[in-house]
Amino acid sequence: QVPVAESGGGLVQTGGSLKLTCAASARTFTTMAWFRQAPGKEREFVAAITWAGTTHYADSVKERFTISRNNPKNAVYLQMNGLKPEDTAIYYCATTHISYIVSDSQDFTSWGQGTQVTVSS
């Protein structure tokens, strides 16, 4: 398991943008992903990216969010544009031992502490 840590959350108005960063403590050649959990709701998948750059998004964030990674820096990013109040949640970065695209939280073995994103209406 490779420890990860998120940063970049904050408060933004509807329609605004934020960029989250996930820093891994070591090189990982496997898939990394972002999940989120809103108050009173279950944790849900947001986006994932393989080491080679293949991406997958939840339908709710397609065309608005972009996941990317910088392998030499052991970092994954989530650029969020067109934010909506329903995007308000704690956003978590996670890693898995799997090298292809997965979106089930049970496949991910290392999780960060999360970063709060709040979108005001």
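Above this note sits the structure.
Residues numbered from 1 in each chain as written. Predicted model: local features only at pLDDT ≥ 70, side-chain atom pairs only at ≥ 80, totals over all residues. Heavy atoms only, no water.

### Quick notes on the state of the cysteines
Under the defined criterion, the tally for this structure stands at 1 disulfide. Disulfide pairing places C22 opposite C93 at an S-S distance of 2.0 Å. Linking C22 and C93, the disulfide has an S-S dihedral of approximately -70° and is accordingly described as left-handed. Pair noted here: C22 is in strand β3 (residues 18-24) and C93 is in strand β9 (residues 89-95), with a separation of 71 residues, a long-range link. Taken as a pair, C22 and C93 share a single burial class, namely buried. (Disulfide = S-S within 2.5 Å. Helix = DSSP H or I, 4+ residues; strand = E, 2+ residues; numbered from the N terminus. Buried < 20%, exposed > 50% of the residue type's maximum accessible area, 1.4 Å probe, protein only.)

### Remarks on the environment of G112
Of note, G112 is situated in the loop between β10 (110-111) and β11 (115-120). A relative accessible area of 8% places G112 in the buried class. The sequence separation of G112 and D59 amounts to 53 residues, and the corresponding C-alpha distance is 23 Å. Every residue in contact with G112, bar those within four places of it in the chain, is listed here: V4, E6, Y92 and C93. (Contact = heavy atoms within 4.5 Å.)

### As for the layout of surface pockets
The volume enclosed by the largest pocket comes to roughly 200 Å³. R36, A38, K41, E44 and E86 are the residues nearest the centre of the largest pocket, which is lined by 14 residues in total. Of the residues contributing to the lining of the largest pocket, the split by class is 3 nonpolar, 3 polar and 8 charged. (1 Å grid on protein atoms, 1.4 Å probe; cavity = no way out; pocket = protein on both sides within 12 Å on 5 of 7 lines; lining within 4 Å. Points joined across faces, edges and corners; volume = space filled by probe spheres on them. Nonpolar A, V, L, I, M, F, W, Y, C, P; charged D, E, K, R; others polar.)

### Details of the pattern of salt bridges
Two side chains of opposite charge can pair, provided their charged atoms sit close to one another. Applying the stated criterion across every chain, the model contains 4 salt bridges. When the shortest N-O distance is used, the salt bridge between K62 and D59 registers 3.2 Å. What emerges from the salt-bridge pattern is a single network uniting R36, E44, R64 and D87. (Salt bridge = Lys/Arg side-chain N within 4 Å of Asp/Glu carboxyl O.)

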